Amino acid sequence: VLHAPAAEQVVWRQQFCSGWSGYLTWLNLCGWTYDPRKEPSNIPFVTWPIQDRAGRELWQAVDEGHDVLIDKSRDMGASWLSLSVLVWYWMFTEDCPLLVASRKEDYVDSAGNPDSLLWKARYLIARQPAWLRPRHTSRHMHLSNVDTGSVISGESTNTDLGRGGRRKAILLDEFAAVEGGADILAATADTTPCRIFNSTPQGRGNAFSEVRFSGKVQVVTL
């Protein structure tokens, strides 16, 4: 795939665009993840079966327009998996506005910090085959795809998160740890049809737990 001739590039691109199965094919052939604890640190994103199921549920939540919650333990790759779904939409769909959020701005976008969400998104994009990587611009808290018009923006989880805008999907990372969760739920409800709540559980006294046990949101357990 990395060195596919021009004729094959068209075929691969069509395959990658073909729904959730195309997303999983793209991720396993072109996706990379990063773990500084391992050697080598740059690791092909070859998904486990449980990640295949979770990735399909996340992709479909964005496509169909409904909320989804990831109830996870550590080291399950949930943030990377969620971001890979958003990067796929950013790469292969037109005029798709997306938003990622975490409890501190440094966790959303911080230069040279591989724990930040937009660092991970840039990493996924930068390691695409040159022929597949779109023309794009990058600045603090913002990624813009010149070819498709799609954007991924970042914001800290404040009580006015996303208010006044419209988004295809919003990723709320480590949502159990944010303050003012009820206000954030209200602010984002009319902003997007799809909120991805991702967090390691932290007890029952937070908005993530309320959403988790509401019976109103699809739950993906990792």
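Up top is the structure these notes are about.
Since this is a predicted model, take the numbers as computed values, not measurements.

Before going further, it helps to spend a moment on the overall build of the protein. A count of helices and strands for the protein gives 8 helices and 10 strands. Once the C-alpha set of the protein is aligned to its principal axes, its extents read approximately 55 × 35 × 35 Å. Buried residues in the protein amount to 49% of all 222 residues. Pairs at least 24 apart in sequence give 67% of the contacts found in the protein among residues at least 6 apart. Counting 23 positive and 25 negative side-chain charges, the protein places the averaged centre of each group 1 Å from the other.

This part takes up the sheet that holds strand S9 (residues 195-199). Strand order in the open sheet made by the 8 strands is S5-S6-S7-S4-S8-S9-S3-S10, with mixed pairing throughout. Two strands lie at the open edges of the sheet, namely strand S5 (136-139) and strand S10 (218-221), each paired on one side alone. Taken pair by pair, the neighbouring strands of this sheet meet at an average axis angle of 15 degrees, ignoring direction. By the bridge criterion, 3 bridges tie strand S6 (residues 142-145) to strand S7 (residues 151-156) in an arrangement that is antiparallel. Bridge pairing links Ser 144 to Val 151 in S7. In the packing of helix H3 (residues 49-64) onto the sheet, contacts are made with strand S3 (68-71), strand S8 (169-173), S9 and S10, and the angle to S10 comes to roughly 155 degrees. Across the face of the sheet, helix H6 (residues 117-126) comes into contact with strand S4 (97-102), S5, S6, S7 and S8 while running at roughly 30 degrees to S6.

Turning to the nonpolar core, a few remarks are in order. With 49 residues, the main nonpolar core has Tyr 23, Trp 26, Val 100 and Ile 196 as its most contacted residues. Elements supplying a minimum of two residues to this core: helix H2 (19-30), H3, S3, helix H4 (78-92), S4, H6 and S8. Here this core gets 12 residues from one element, more than from any other, and that element is H4. Those residues in contact with Trp 26, other than ones at most four positions away along the chain, are Phe 16, Gly 31, Ser 84, Val 87, Trp 88, Met 91, Phe 92, Gln 128 and Leu 132.

Another aspect to go through is the environment of Gly 180. Among the structural elements, Gly 180 can be located in the loop between S8 and helix H7 (181-189). According to the relative accessible area criterion, Gly 180 is partly exposed, its value standing at 35%. For the pair formed by Gly 180 and Asn 206, sequence separation is 26 residues and the distance between their alpha carbons is 9.0 Å.

What follows concerns the pattern of salt bridges. By the definition in use, this model includes 6 salt bridges. The closest approach of N and O atoms between Asp 71 and Arg 212, which form a salt bridge, is 2.8 Å. Of this pair, Asp 71 sits in strand S3 while Arg 212 sits in helix H8 (residues 207-212); the two residues are 141 residues apart in sequence, bridging distant segments of the chain. Its relative accessible area of 15% is what places Asp 71 among the buried residues. On the basis of relative accessibility, which here comes to 22%, the residue Arg 212 falls in the partly exposed class. Glu 174 serves as the salt-bridge partner of Lys 72, at 3.2 Å between the closest nitrogen and oxygen. Placement of the pair is Lys 72 in the loop between S3 and H4 and Glu 174 in the loop between S8 and H7, with a sequence separation of 102 residues. The burial state of Lys 72 is the same as that of Glu 174; both residues are buried.

This brings us to the pairing of S5. The side chains of a regular strand alternate between the sheet's two faces. Two strands pair when backbone bridges link them, and S5 and S6 are joined in this way by 4 bridges, in the antiparallel orientation. Pairing of Arg 139 across the sheet is with His 142, part of S6. Counting the residues in the hairpin turn of S5 and S6 gives 2 residues, including Met 141, whose phi is positive at 65 degrees.

Once that is clear, we can look at unusual backbone geometry. In this structure, Pro 40 follows Glu 39 across a cis peptide bond, with omega equal to 0 degrees. For Pro 40, the location among the structural elements is in the loop between strand S1 (32-34) and strand S2 (42-44). You will see that Asp 95, though not glycine, has its phi angle at about 50 degrees, which is positive.

So, how was this worked out
Residue positions are given per chain, counting from 1 as you read along its sequence in written order. Local features in a predicted model are, by the rule used here, given only for residues with pLDDT of at least 70; side-chain atom pairs are given and counted only at 80 or more, and totals for whole chains, interfaces and linings are based on all residues. Based on all heavy atoms of the structure, the side-chain values leave hydrogens and waters out of the count. A run of H or I in DSSP counts as a helix once it spans at least four residues, and a run of E counts as a strand once it spans at least two, with each numbered from the N terminus. Each residue gets one of three labels from its accessible area relative to the maximum for its type: buried under 20%, exposed over 50%, partly exposed in between, using a 1.4 Å probe on protein chains only. Contacts were defined at the residue level, with two residues in contact if any of their heavy atoms lie within 4.5 Å. For this count, His and the chain ends are skipped, Lys and Arg are scored as positive, and Asp and Glu as negative. Positions of charges follow a simple convention, taking NZ of Lys, CZ of Arg, CG of Asp or CD of Glu. Note on pairing: DSSP must find at least two bridges between two strands before they are called paired. Helix axes use the C-alpha atoms of the stretch in contact, all axes being lines fitted to C-alpha atoms, and the angles between their N-to-C directions lie in the range 0 to 180 degrees. Only buried residues count toward a nonpolar core, which is a set of Ala, Val, Leu, Ile, Met, Phe, Trp, Tyr and Cys residues joined through side-chain atoms within 4.5 Å. One side-chain nitrogen of Lys or Arg within 4 Å of one carboxyl oxygen of Asp or Glu is enough to make a salt bridge.

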